[in-house]
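Summary of structural features
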Amino acid sequence: MDNRKLTPGEHVASLRRLWKECFNDTDEFIDMYFTRVYSPQVDYSIERGGRVVSALQCLPYNMLCGGNTVLAGYLSGVCTDASYRRQGLAGSLAAQSVADMHRRGCTFAFLIPSGSEVLPFYRQYGFYIAIRRSAMPIRHSGNVTGGTCTVIPATAYSDVLYRLFARRQRERRGYALLHSREQFKTVVDDWIKGGNLILTARLGKKTVSYLFVRPDNEKKVLYVYDAPASRDAAFASMAGQAQGMYPGYDMRAYITGHRAHNTFACARITDTSKALAAYAAMHPEADMQISVSGDKLIESNNGFYTVSHGQCIRSSAHAGNFTAMTLAQLTRMIFSGDEMSFNFLLE
């Protein structure tokens, strides 16, 4: 058995082969991912027998919590060679990445599970269902096809599109995972290459809005991502254009929060103090004393916390009537009821 350490070039080549075997993505997508997303700094992997046999990437993001920004991580590409599964390899990488995120000052970690069957695995490492998503029918008013804007399909990234996107993210009332300019460039390229639509609306010479639309030709549905909060003339014009391009297709917008019901993403609290501070700032009316326990990976997360008047204070000793909470219960409390913009991650 070849137990030598792979060179950096051999490592990436082996990692690409493992990705292809586990996810069966196109070569074009894999080229894009390993050219523009992957870096050694985000790589967690295990080599055995001269090849990579288990891996994940921990991608850094900024996250908006109300009006405040915190650090977050997103676990991507969690995979293990079929002959090395059920040996705890992916679990050890997940545990290591969670501990590292805590040390780097991240407040939350996220991942999108491949299905309900893997949820018990991720629960072992503190990841619990936090974000539910549903595709809701868009109820058109009578003027949907009568918008007054000029609609122009976007065929490539532009700074104008990014500025509109960034502004919309920061206008969100709840939580939003923010994309940097480079991350958004990758999103746009992948979206367009995947045969999806990006429509922009102009009033005169000014671009005022955009719409990301994914057609599902089997279901005859147009799925709208990151829909604007208001259904104004710009939205009406773009929606009408999309349906004109796909006659007979229904149109549905993805929503998250308390109205959604399909499991979409899991969250892991990597710093309880910061998580509760963000929650308190978003909910200044909250007044509670919480005792958090059961976090075996990040033991410093366990403790006593008082949330009141928009602030979170950690207590060193039990002095009061504290409500006991597990990490799962705390995750549910923090993310229930608030909108979560969690779009355009490379699922």
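Up top you'll find the structure we're talking about.
Bear in mind that the values here come from a model prediction, so they are computed numbers and not experimental data.

1. Brief notes about the pairing of strand E9 (residues 206–216)
In terms of residue burial, E9 counts as a mostly covered element, since 8 of its 11 residues are buried. Where strand E8 (residues 197–203) lies against E9, 7 bridges are found, and the strand directions are antiparallel. Directly across from Ala201, in E9, lies its bridge partner Ser209. Linking two consecutive strands that pair antiparallel, namely E8 and E9, is a turn of 2 residues; a positive phi of about 70 degrees is found at Gly204 within it. Inspection of the sheet shows E9 paired to strand E10 (residues 221–225) by 5 bridges, in the antiparallel sense. The residue of E10 that forms the bridge with Arg214 is Tyr223. The antiparallel hairpin formed by E9 and E10 contains 4 residues in its connecting segment, where Lys220 sits at a positive phi of about 55 degrees.

2. With respect to the environment of Leu211
You can see Leu211 is positioned in strand E9. Residue Leu211 is classed as buried on the basis of its relative accessible area, which comes to 0%. Excluding residues that lie within four positions of it along the chain, Leu211 makes contacts with Leu197, Ile198, Leu199, Val224, Pro228, Phe235, Met238 and Ala239.

3. Examining the packing of aromatic side chains
Within the structure shown, the criterion is met by 33 aromatic pairs. Centroid distance Trp19 to Phe23: 4.9 Å. Interplanar angle 65 degrees. Geometry classified as edge-to-face. Placement of the pair is Trp19 and Phe23 together in helix H1 (residues 8–23), with a separation of 4 residues, close to one helical turn. Grouped by ring-pair contacts, the aromatic residues Tyr157, Tyr162, Phe165, Phe184, Trp191, Tyr210, Phe212, Tyr223, Tyr225, Tyr254 and Phe344 constitute a single cluster.

4. Digging into the pattern of salt bridges
Enumeration over the complete set of coordinates arrives at 10 salt bridges. Its salt-bridge partner being Asp189, residue Arg36 comes within 2.5 Å of it at the nearest N-O pair. Of this pair, Arg36 sits in helix H2 (residues 27–36) while Asp189 sits in helix H6 (residues 181–193), placing them 153 residues apart in sequence. Here Arg36 falls in the partly exposed class, since its relative accessible area comes to 37%. Measuring nitrogen to oxygen at the nearest pair gives 3.0 Å for the salt bridge that ties Asp159 to Arg181. Here Arg181 lies in helix H6 and Asp159 lies in helix H5 (residues 159–170), a separation of 22 residues in the sequence. A relative accessible area of 37% means that Asp159 is categorised as partly exposed.

Criteria and cut-off values
- Residues numbered from 1 in each chain as written.
- Predicted model: local features only at pLDDT ≥ 70, side-chain atom pairs only at ≥ 80, totals over all residues.
- Heavy atoms only, no water.
- Buried < 20%, exposed > 50% of the residue type's maximum accessible area, 1.4 Å probe, protein only.
- Helix = DSSP H or I, 4+ residues; strand = E, 2+ residues; numbered from the N terminus.
- Pairing = 2+ DSSP bridges.
- Contact = heavy atoms within 4.5 Å.
- Phe/Tyr/Trp six-rings, centres within 6.5 Å; stacked < 30°, edge-to-face > 60°.
- Salt bridge = Lys/Arg side-chain N within 4 Å of Asp/Glu carboxyl O.

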